[in-house]
Amino acid sequence: MAVPRALGALADVLLPPLCVHCGEPLPTARPGVCRWCRATLRPLAAGCRRCSLPRPGSPADCGRCRDWPSGLTAVAAVRYAGAAESIAHALKYRGWTHLADLCAAAMVDALADRPAGLDVLVPVPLHAARLRERGFNQSALIARSLSARLAIPVIEALVRSRATRSQVGLGRAARRRNVEAAFEPRGGLRAGARVGLVDDVATSGATLAAAALALGAGGAARVTAVTFALALDGSPR
Ligand SMILES: [Zn+2]
Ligand SMILES: [Zn+2]
């Protein structure tokens, strides 16, 4: 698929910037989302107080976060669907890294509802081989934008010590096995730190739970996972 990809990259440079979701031409220098698609980015409905999964009724018996390590809570800015899905995809797979700031802006709003008292932001790391292949870690880019907006420092306090297969298409238990022990602390956290764990998209939370365990081993007292989008149907990863 090398040729179509190269042509796509060429088109990105030569054609006027388009909305990454609906294709509407934009009055901006770079691709992004048009105002109509931006207006569809709505905060998640109120849900589980621990993991933010929108659900009617009581969050007391939430199946998503029942097995999470203690000390881990999660917020997400928007539902992984429509324009949000296009933004996350364009950031990660088309290399439109400037979209990280759009994600971060939405995440600031999500955090505003939950005064988290964060000491430090830690991005979910990529394995070194994946980082070489992609050239950037989208979660680290989002963390950097969040850092600038919230005045909270970023520490790359985790390392992905084990290459994992994509979570796409895996069931809940398989997702957990796939990322188990995938992360290790690499130092830099002070004991008792309140960490904001930054990622682009969350589904079952298996990745967040595995990363939170490693952060706990590295000294974190509390982890608030902050993601741009939450996939409700378990599809992307
Ligand atoms: Zn649009
Ligand atoms: Zn929950």
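Above: the structure in question.
Residues numbered from 1 in each chain as written. Chains lettered and ligands numbered in written order. Predicted model: local features only at pLDDT ≥ 70, side-chain atom pairs only at ≥ 80, totals over all residues.

Colleague: Would you mind showing me how to read the sheet that holds strand 6 (residues 220-230) here?
Modeller: Where strands meet in a sheet, backbone hydrogen bonds hold them as pairs that are either parallel or antiparallel. The strand order 1-6-5-2 describes an open sheet built from four strands, whose pairing is parallel. Each of the sheet's edge strands pairs with one partner strand only, and the pair in question is strand 1 (72-79) and strand 2 (120-123). Sheet twist, expressed as the mean angle between neighbouring strand axes with direction ignored, is 25°. Judged from the four bridges that link them, strand 2 and strand 5 (residues 193-202) form a sheet pairing that is parallel. Within strand 5, the residue paired with P123 across the bridge is V198. Against the sheet, helix 3 (residues 82-93) contacts strand 1, strand 5 and strand 6, and its axis sits at roughly 100° relative to strand 5. Docked against the sheet, helix 4 (residues 99-112) engages strand 1, strand 5 and strand 6, running at close to 125° with respect to strand 1. (Pairing = 2+ DSSP bridges. Helix = DSSP H or I, 4+ residues; strand = E, 2+ residues; numbered from the N terminus. Axes fitted to C-alpha atoms, helices over the stretch in contact; angles between N-to-C directions. Contact = placed C-beta atoms within 7 Å.)

Colleague: Is there a simple way to explain the nonpolar core in this structure?
Modeller: Buried together is how nonpolar side chains tend to be arranged in soluble globular proteins. With 67 residues, the main nonpolar core has I87, C103, V122, L197, A211, L215 and A229 as its most contacted residues. Broken down by secondary-structure element, the contributors of at least two residues to this core are strand 1, helix 3, helix 4, strand 2, helix 6 (138-150), strand 5, helix 8 (206-217) and strand 6. Among the elements that line this core, the one with the most residues is helix 8, at nine residues. Here this core gathers at least three residues from each of two domains, domain 1 (1-39) and domain 2 (43-230). Among residues more than four places away in sequence, those in contact with A229 are A76, A77, V78, R79, Y80, A84, A88 and V201. (Core = buried A, V, L, I, M, F, W, Y, C linked by C-beta atoms within 7 Å. Buried ≥ 20, exposed ≤ 12 C-beta atoms within 10 Å, placed from the backbone. Domains from an automatic or database assignment.)

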